[in-house]
Amino acid sequence: MTLRIHNTLTRALETFSPLEPGHVRMYVCGMTVYDLCHLGHARSMVAFDVVQRWLKASGYRVTYVRNITDIDDKIIKRSVENGETVRALTDRMVDALHQDADALGIERPSFEPRAMDYVPHMLSMIGALETKGLAYRASHGDVNYAVRKFPGYGKLSGKSLDELQAGERVAVDDGKHDPMDFVLWKSAKATEPDEVKWASPFGAGRPGWHIECSAMSCELLGESFDIHGGGADLQFPHHENEIAQSEGAFGKPMASVWMHNGFINVDNEKMSKSLGNFFTIRDVLKEFDAETIRFFVVRSHYRSPLNYSDVHLNDARGALKRLYTALHAVPPAAVDIDWTHPMAARFQAAMNEDFGTPEAVAVLFELAGEVNRSQSASTSGLLKALGGVLGLLQESPQTFLQAGASLDEAAIQAHIAARAAAKAAKNFAEADRIRQELAALGVVLKDAPNGTTWERA
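As the structure is a prediction and not an experimental result, all values here were calculated from the model. (Residues numbered from 1 in each chain as written. Predicted model: local features only at pLDDT ≥ 70, side-chain atom pairs only at ≥ 80, totals over all residues. Heavy atoms only, no water.)

Summarise the overall build of the chain; cite the residues concerned and give the values.
Summing up its helical and strand segments, the chain has 15 helices and 15 strands in all. Dimensions of the chain, computed from the C-alpha atoms along their principal axes, are close to 90 × 55 × 35 Å. By the burial criterion, 53% of the 457 residues in the chain qualify as buried. When the accessible surface of the chain is split by element, carbon and sulfur atoms take 52% of a total near 19,300 Å². Averaging the coordinates of the 48 positive side-chain charges in the chain and doing the same for the 59 negative ones gives two points 3 Å apart. (Helix = DSSP H or I, 4+ residues; strand = E, 2+ residues; numbered from the N terminus. Buried < 20%, exposed > 50% of the residue type's maximum accessible area, 1.4 Å probe, protein only. Areas by Shrake-Rupley, 256 points an atom, 1.4 Å probe, with all protein chains shown as cover. Lys, Arg positive; Asp, Glu negative; His and termini not counted. Charge placed at Lys NZ, Arg CZ, Asp CG, Glu CD.)

Written out as structure tokens, the structure is:
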């Protein structure tokens, strides 16, 4: 079946065909590592993890690049505040990022370039832009991009230059020929640490934010590649500026398809550090298990806004529990996915329509219902296998269903034994009391002919 992807550049669903048959090259903008990742970052990481998983499941070889910005105004400011080097801060935050991503079942990208390692590549691109008349040196030492000299500027955001506002992370200053121009190379400041100063033909300094991704994507994926992704907030100015840099330097399309995931909202506002309404991934993991968080993200379409609340996460936990309950009742057989199976074919059709995870998840629930009716191990196996395509349902069902109980296994089993003894002595009031006591502690008992089991409420 044919994969169709919504292309932000054309604002339309397009049939996907990689530039190199059988090989997809994808670049996704990653984190600026000055603090812990929040749930908005998790949304983007999970969304594109699902994209690369589906591409692989569809038979493509995937080269997936997700960068790390480890040189930036905010990073420098935080390192000075902390009294540590930029490298110490960013190394620590990268380790935390990996811990959080691993917990959420996010597969590592093929390459995870750090900006500091690609400064020579950025300088080469800036030199090419200057040679072509698209970059100029400001009087105070910065090198800026002359936006109005690039005819295609605004095509990603769909706005004219007059409709757009200056988008650089630092304030517009008098060194720019036009307020829309953005910085490619920042001249060194005496107050900044030496570790963020590089020698260059333009004088000592460091790269601007936007040039990082243009240089790293070109070096690792080529001057043109298949998919460029990131959060919707990066569409302008960051991705617009990437296009201007890359296409200005090389004279060819940067990416065939541009994909942008929607925001996570809190009280109808985008979750962000600047607004102070964010929840770090590890804070949320203190209250909810990692797979519940992943399922909360996956069951919504990647382009749709997603509203965060404990109510929504509790609902996600309850829904995921239904799937695991089916797997627990009927242990899954090990199966390879047969895409001609009606349920698998519907799952495939959903994913091939712009990675339609809500419809794909609906197929999982239909399969769970069929497992409960048929008690078929092969159907249970198909449920687990299709869930695995989304990074779900790979945990032991018993482990998932029992996770988070306030008592440990030994204490729960002791209560179950005491209840069994009370029932044997026909002391049903005591047996009911023990059941209610466990329920109050978040433990639900399930009686069956072969004994009593338990799960988390």
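Tell me what's going on with empty space enclosed by the protein, and back it up with residues and numbers.
One pass over the full model with this rule turns up two cavities of 30 Å³ or more. Within this model, the largest cavity holds a volume of roughly 80 Å³. Lining the largest cavity, in full, are Val46, Ala47, Val50, Val297, Val298, Ser300, His301, Tyr302, Phe355 and Thr357. Counting only elements with at least two residues in the lining of the largest cavity, the list comes to α1 (39-57) and α8 (290-298). The element that contributes the greatest number of residues to the lining of the largest cavity is α1, accounting for three residues. Of the volumes computed, that of the second largest cavity is approximately 50 Å³. In terms of lining residues, the second largest cavity is bounded by 11 residues, among which Asp72, Lys186, Arg206, Gly208 and Trp209 are the most central. For the lining of the second largest cavity, the secondary structure elements donating two or more residues are β8 (205-207) and α5 (209-221). Residues of the lining of the second largest cavity, tallied by class, amount to three nonpolar, two polar and six charged. (1 Å grid on protein atoms, 1.4 Å probe; cavity = no way out; pocket = protein on both sides within 12 Å on 5 of 7 lines; lining within 4 Å. Points joined across faces, edges and corners; volume = space filled by probe spheres on them. Nonpolar A, V, L, I, M, F, W, Y, C, P; charged D, E, K, R; others polar.)

Residue-level account of the packing of aromatic side chains, with values.
In this structure the tally under the stated criterion is 10 aromatic pairs. The ring of Phe400 is capped by Arg317, whose NZ or CZ atom sits 4.1 Å from the centre of that ring. (Phe/Tyr/Trp six-rings, centres within 6.5 Å; stacked < 30°, edge-to-face > 60°. Lys NZ or Arg CZ within 6 Å of the ring centre and 35° of its normal.)

Let's hear about the sheet that holds strand β4 (residues 61-66): which residues, and what values?
Strand order across the open sheet formed by four strands is β4-β3-β9-β10, with parallel pairing between neighbours. Each having just a single partner strand, β4 and β10 (255-261) make up the two edges of the open sheet. Adjacent strand axes in the sheet meet at a mean angle of 20° when their direction is disregarded. Note: strand β3 (residues 23-28) against strand β9 (residues 225-231), three bridges, orientation parallel. Residue pairing across strands places Val28 opposite Gly229, the latter belonging to β9. Its contacts with the sheet place α5 against β3, β4 and β9, and it is angled at close to 160° to β3. (Pairing = 2+ DSSP bridges. Axes fitted to C-alpha atoms, helices over the stretch in contact; angles between N-to-C directions. Contact = heavy atoms within 4.5 Å.)

Can you break down the environment of Leu13 residue by residue, with the values?
With respect to the element layout, Leu13 can be found in strand β2 (residues 12-15). Residue class for Leu13 comes out partly exposed when judged on its relative accessible area of 33%. With 341 residues separating them in the primary sequence, Leu13 and Asp354 have C-alpha atoms 7.6 Å apart.

Go over the pairing of strand β14 (residues 443-448) with me, naming the residues and quoting the values.
Pairing of β14 with strand β15 (residues 451-456), which is carried by six bridges, proceeds in the antiparallel orientation. From the neighbouring strand, Val444 faces β15, where its bridge partner is Glu455. Between β14 and β15, which pair antiparallel and follow one another directly, the connecting turn spans two residues.

Report on the sheet that holds strand β11 (residues 264-266), specifying residues and quantitative values.
Spatially, β12-β11-β13 is the arrangement adopted by the three strands of the open sheet, whose pairing is mixed. Edge positions in the open sheet fall to β12 (269-270) and β13 (306-307), since each of these has one partner strand only. In this structure, β11 lies alongside β12, joined through two bridges in antiparallel fashion. Across the sheet, residue Asn265 finds its bridge partner in β12, namely Lys270.

Now, about the environment of Ile416: what can you tell me, with residues and values included?
The topology assignment puts Ile416 in helix α14 (residues 409-424). Separated by 19 residues in sequence, Ile416 and Arg435 have C-alpha atoms that sit 8.3 Å apart. Dropping the residues within four chain positions of it, Ile416 is found in contact with Leu445, Thr452 and Trp454.

Account for the confidence of the model for the chain, with residues named and values stated.
For the chain, mean pLDDT is 92; residues scoring 70 or higher make up 95% of the total. Taken as a whole, residues 166-171 scores under 50 in pLDDT and shows 15 contacts with residues more than four places along the chain or in a different chain. (pLDDT = per-residue confidence, 0-100.)

How would you sum up unusual backbone geometry? Please name residues and give values.
Here the bond from Phe236 into Pro237 is cis, since omega is 5°, no more than 30 degrees from zero. On the secondary structure map, Pro237 appears in helix α6 (residues 235-250). Of note in the backbone geometry, Phe355 takes a positive phi value of approximately 55° without being a glycine. With respect to the helices and strands, the residue Phe355 is situated in the loop between α10 (342-352) and α11 (357-374). Phe355 sits in the buried class, given a relative accessible area of 2%.

So what's going on with the side chain of Ser79? Residues and values would help.
Topologically, Ser79 is positioned in helix α2 (residues 73-82). The contacts of Ser79, once residues within four sequence positions are left out, are Glu84, Thr85, Val86 and Leu89.

Explain the packing of α1 against α8 to me, and be specific about the residues and the numbers.
Packed helices, taken two at a time, are described by the angle between their axes plus the distance between the axes. Contact geometry of α1 with α8 gives a least axis separation of 10 Å together with a crossing angle of 75°. Judged by the angle between their axes, α1 and α8 are roughly perpendicular. Listed contacts from α8 to Leu39, Arg43, Val46, Asp49, Val50 and Arg53 of α1 are Ile293, Arg294, Phe296, Val297 and Val298. Across the contact of α1 with α8, the residue classes tally to seven nonpolar, no polar and four charged. (Parallel < 35°, antiparallel > 145°, perpendicular 65-115°, else oblique.)

If you had to explain the pattern of salt bridges to someone new, which residues and values would you point to?
Applying the stated criterion across every chain yields a total of 33 salt bridges. Arg61 is the partner of Glu20 in a salt bridge, and the nearest nitrogen-oxygen pair spans 3.4 Å. With Glu20 in the loop between β2 and β3 and Arg61 in strand β4, this pair connects stretches of sequence that are 41 residues apart. A relative accessible area of 48% places Arg61 in the partly exposed class. A salt bridge links Glu223 to Lys252; the nearest nitrogen and oxygen atoms lie 3.0 Å apart. With Glu223 in the loop between α5 and β9 and Lys252 in the loop between α6 and β10, this residue pair connects regions lying 29 residues apart in the sequence. Through salt bridges that share partners, Asp49, Arg53, Lys56, Glu107 and Arg294 make up one connected network. (Salt bridge = Lys/Arg side-chain N within 4 Å of Asp/Glu carboxyl O.)

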